[in-house]
Amino acid sequence: MEPRQILQKLQDSGADWLRIYWCDYTASVKCRIIPMSVIKRKLNDSQPVNIIIAQAGLCLLANNAMIPGESGVGGFSLEPDWSSLTPGPIPRHISCFGEFKEKPDGSDADLCPRTALRRSLKLASSVGLDFILGFEIEFVVMEHNTDPGSPEQYITLRSDGHAWTTARNLADWGREGSFNTVLDELAGHLEAASIAIEQVHIEAAPGQYEIVLSPLPPLQACDSFLFARQIIESTAARHGFRITLHPKPYLSAPGNAAHVHMSISSDGGNDPQVYESFYAGILTHLRAITACTYASPLSYVRMGDGCWSGGRWIGWGSENRETPLRKCDQGHWEFRLLDGMANPYLALAAILGAGTIGVSEKIRLVWKDCEVDPATLTEAQRQELGITTQLPQNLKEALDALQADDRIVELLHPTVVKRHVDIKQGEIALLDSMADEERRQWVIARF
């Protein structure tokens, strides 16, 4: 966009503040807020609109501790992608996503997660592949605990008989103080931000909801996914509610996922010779991919057989929610091993890149359509379907698989993989140091 076009869009928005967002390696969404007068002055004077962010900003854990071997020396230039300008998440604010550039030459920073997805999409484009993606956002609504003597900062939403897709749980829509009533305001803010939703429904855990977003090209889909979460969180907070993406906030109830629907939108996307190789590439590299999609130790608490979470075996099935890949219709499949603790840019870079490798190498889909929960099959039955390998059972195992997969390391970039592994090892040590309830409350407060 030209400066005059940007200025016009900012002027038309009536916003007083510009928010520039990015998502770091802990999947924390970060933000800098700049007065609109500063932005307009720089654009009018043909000055670059950028922010210098310490390089340490991409090597911090969620408690602000720095991973070993890094320092506060050096900085990146965070530059807005003006094509992502979107009103919100609150009135008189307008937002966009930024990408990290090297100083002083302005080249792409290898460590930038958004740039990693761009690299993966460039590879896909080189073999004629384009995609559209639709995210599902699952979240649990909680209330602030008013008991000063309780160690719990957040408590379960008061709701009778909360159950999956139950109409009764929408009965108080319109009552002041009900989260259901907040959904009206929430939908308006999403519409104002040009984020289209397909549907909303009650999920199975206490206070759990799901919002299904309409499909978009990958980069825009990730931006909209992250910004929709900002709108959900901001709207809920103004009404006194707390939103959490914790993968398993209640051990006895289903957890939060972020399933993504994928379709090959380029010519031939519904040709089995194309899409079967694409999904075969994903399955071939799935143990490594899991380190980017189940990117928290808590992600593996959610993993299990018989609980609609994608199971523990590498395979696929038509309309089968107990497999990592659910075939919906021809080239439209759902990836189920993704949650809100993952950086979506890195996750999609790995998923789409592995699929692209599958197409370019014509990898055969040796796995057969699994029509039942793989965990219920005998070993011989699984062998017949080509289901022979389990997913990593914890984050450490997934990180080992990632480092051992040379193709995925090359795809994501060795510096990205090293930073991801270092951050995740730090997270493992940090969360292992906490007692169970302390860990639960700590994650709910941050994600």
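Just so we're clear, the structure is a prediction, and the values are computed from it rather than from any experiment. (Residues numbered from 1 in each chain as written. Predicted model: local features only at pLDDT ≥ 70, side-chain atom pairs only at ≥ 80, totals over all residues. Heavy atoms only, no water.)

This next bit is on the overall build of the chain. When helices and strands are counted, the chain shows 14 helices and 14 strands. In terms of overall size, the chain behaves like a compact globule, its C-alpha atoms giving a radius of gyration of 22 Å where 447 residues would be expected to give roughly 22 Å. Once the C-alpha set of the chain is aligned to its principal axes, its extents read approximately 70 × 55 × 45 Å. Looking at the 447 residues of the chain, the share that counts as buried comes to 57%. Contacts spanning at least 24 positions in sequence make up 69% of the contacts within the chain whose residues lie at least 6 apart. Carbon and sulfur atoms make up 50% of the accessible area of the chain, which amounts to about 18,700 Å² in all. Computed over 41 positive and 56 negative side-chain charges, the inter-centroid distance for the chain is 4 Å. (Helix = DSSP H or I, 4+ residues; strand = E, 2+ residues; numbered from the N terminus. Rg over C-alpha atoms; globule rule 2.2 N^0.38 Å. Buried < 20%, exposed > 50% of the residue type's maximum accessible area, 1.4 Å probe, protein only. Contact = heavy atoms within 4.5 Å. Areas by Shrake-Rupley, 256 points an atom, 1.4 Å probe, with all protein chains shown as cover. Lys, Arg positive; Asp, Glu negative; His and termini not counted. Charge placed at Lys NZ, Arg CZ, Asp CG, Glu CD.)

Of all the 5 residues making up strand β13 (residues 325-329), 4 are buried; the element is thus mostly covered by neighbouring parts of the structure. Inspection of the sheet shows strand β12 (residues 316-318) paired to β13 by 3 bridges, in the parallel sense. Within β13, the residue paired with Trp316 across the bridge is Leu325. When β13 meets strand β14 (residues 332-335), the two strands line up antiparallel, connected through 4 bridges. When the sheet's bridge partners are listed, Leu325 is paired in β14 with Phe335. (Pairing = 2+ DSSP bridges.)

To find leftover empty space, one rolls a probe the size of a water molecule over the atoms. Applying the stated criterion across every chain, the model contains 3 cavities of 30 Å³ or more. Estimates place the volume of the largest cavity at around 70 Å³. Ala62, Ser296, Pro297, Met341, Glu427, Leu430, Leu431, Trp442 and Phe447 are the residues that line the largest cavity. Here the lining of the largest cavity gets 3 residues from one element, more than from any other, and that element is helix α13 (residues 414-432). (1 Å grid on protein atoms, 1.4 Å probe; cavity = no way out; pocket = protein on both sides within 12 Å on 5 of 7 lines; lining within 4 Å. Points joined across faces, edges and corners; volume = space filled by probe spheres on them.)

This paragraph deals with the UniProt feature "domain: GS catalytic" (unreviewed entry) in the chain. Mapped onto this numbering, the UniProt entry gives "domain: GS catalytic" (unreviewed entry) at residues 113-447. The distance from the first to the last C-alpha atom of residues 113-447 is 19 Å, and the span holds 43% helix and 15% strand. (UniProt positions renumbered as here; feature names shortened; annotations may be inferred.)

With respect to topology, 5 strands assemble into an open sheet ordered β2-β1-β5-β4-β3, the strand pairing being mixed. Two strands close off the open sheet at either side, each with one partner strand: β2 (29-35) and β3 (51-54). Taking each pair of neighbouring strands and ignoring which way they run, the sheet shows an average axis angle of 40 degrees. Inspection of the sheet shows strand β1 (residues 17-23) paired to strand β5 (residues 93-101) by 5 bridges, in the parallel sense. Within β5, the position partnered with Trp17 by the bridge is His93. Those strands touched by helix α1 (residues 3-13) are β4 (75-87) and β5, and its axis lies near 60 degrees from that of β4. (Axes fitted to C-alpha atoms, helices over the stretch in contact; angles between N-to-C directions.)

Okay, the pattern of salt bridges next. A full pass over the atoms with the stated rule returns 27 salt bridges. The salt bridge involving Asp81 is made with Arg114; its shortest N-O contact spans 3.0 Å. Residue Asp81 is found in strand β4, and its partner Arg114 is found in helix α3 (residues 113-126); the two are separated by 33 residues along the sequence. Using a relative accessible area of 3% as the deciding quantity, one classes Arg114 as buried. Close ionic contact of Glu99 with Lys101 constitutes a salt bridge, the shortest N to O distance being 3.8 Å. Each of Asp81, Glu99, Lys101, Asp108, Arg114, Arg118 and Asp223 takes part in salt bridges that share partners, so that together they form one network. (Salt bridge = Lys/Arg side-chain N within 4 Å of Asp/Glu carboxyl O.)

Backbone torsion omega between Gly88 and Pro89 reads 15 degrees, so that peptide bond is classified as cis. Looking along the chain, the bond that leaves Lys103 and enters Pro104 is cis, with omega of 0 degrees. On the secondary structure map, Pro104 appears in the loop between β5 and α3. Backbone geometry places Asn64, a non-glycine residue, at a positive phi of 75 degrees. In this structure, Asn64 sits in the loop between β3 and β4. You can call Asn64 exposed: its relative accessible area is 54%. With a phi close to 60 degrees, Ser194 is a non-glycine residue in the positive phi region.

This next bit is on helix α14 (residues 436-446). Of the residues making up α14, those classed as buried are Arg439, Arg440, Gln441, Trp442, Val443 and Ile444. Packing partners of the buried residues in α14 comprise β6 (131-144), β7 (154-156), β10 (241-244) and α13.

Two residues of an α-helix separated by three or four positions point the same way, owing to the 3.6 residues in each turn. Within α1, burial applies to Ile6, Leu7 and Leu10. One side of α1 carries all its buried residues, which in axial view fall inside an arc of 100 degrees. Seen from the buried face of α1, the exposed residues on the opposite side, beyond 90 degrees, are Arg4 and Asp12. Looking at the buried positions of α1, the neighbouring elements they touch are α2 (36-44), β4 and β5. Gly14 sits one or two positions beyond α1 and adopts a positive phi of about 70 degrees. (Arc of directions from axis to C-beta.)

Its boundaries defined by the atoms lining it, the largest pocket holds a volume of some 690 Å³. Elements that contribute at least two residues to the lining of the largest pocket include exactly β6, β8 (197-202), β9 (208-213), β11 (260-264) and β14. Ranked by residue count, the leading element in the lining of the largest pocket is β6, at 5 residues. Its residues assigned to classes, the lining of the largest pocket shows 11 nonpolar, 10 polar and 11 charged. (Nonpolar A, V, L, I, M, F, W, Y, C, P; charged D, E, K, R; others polar.)

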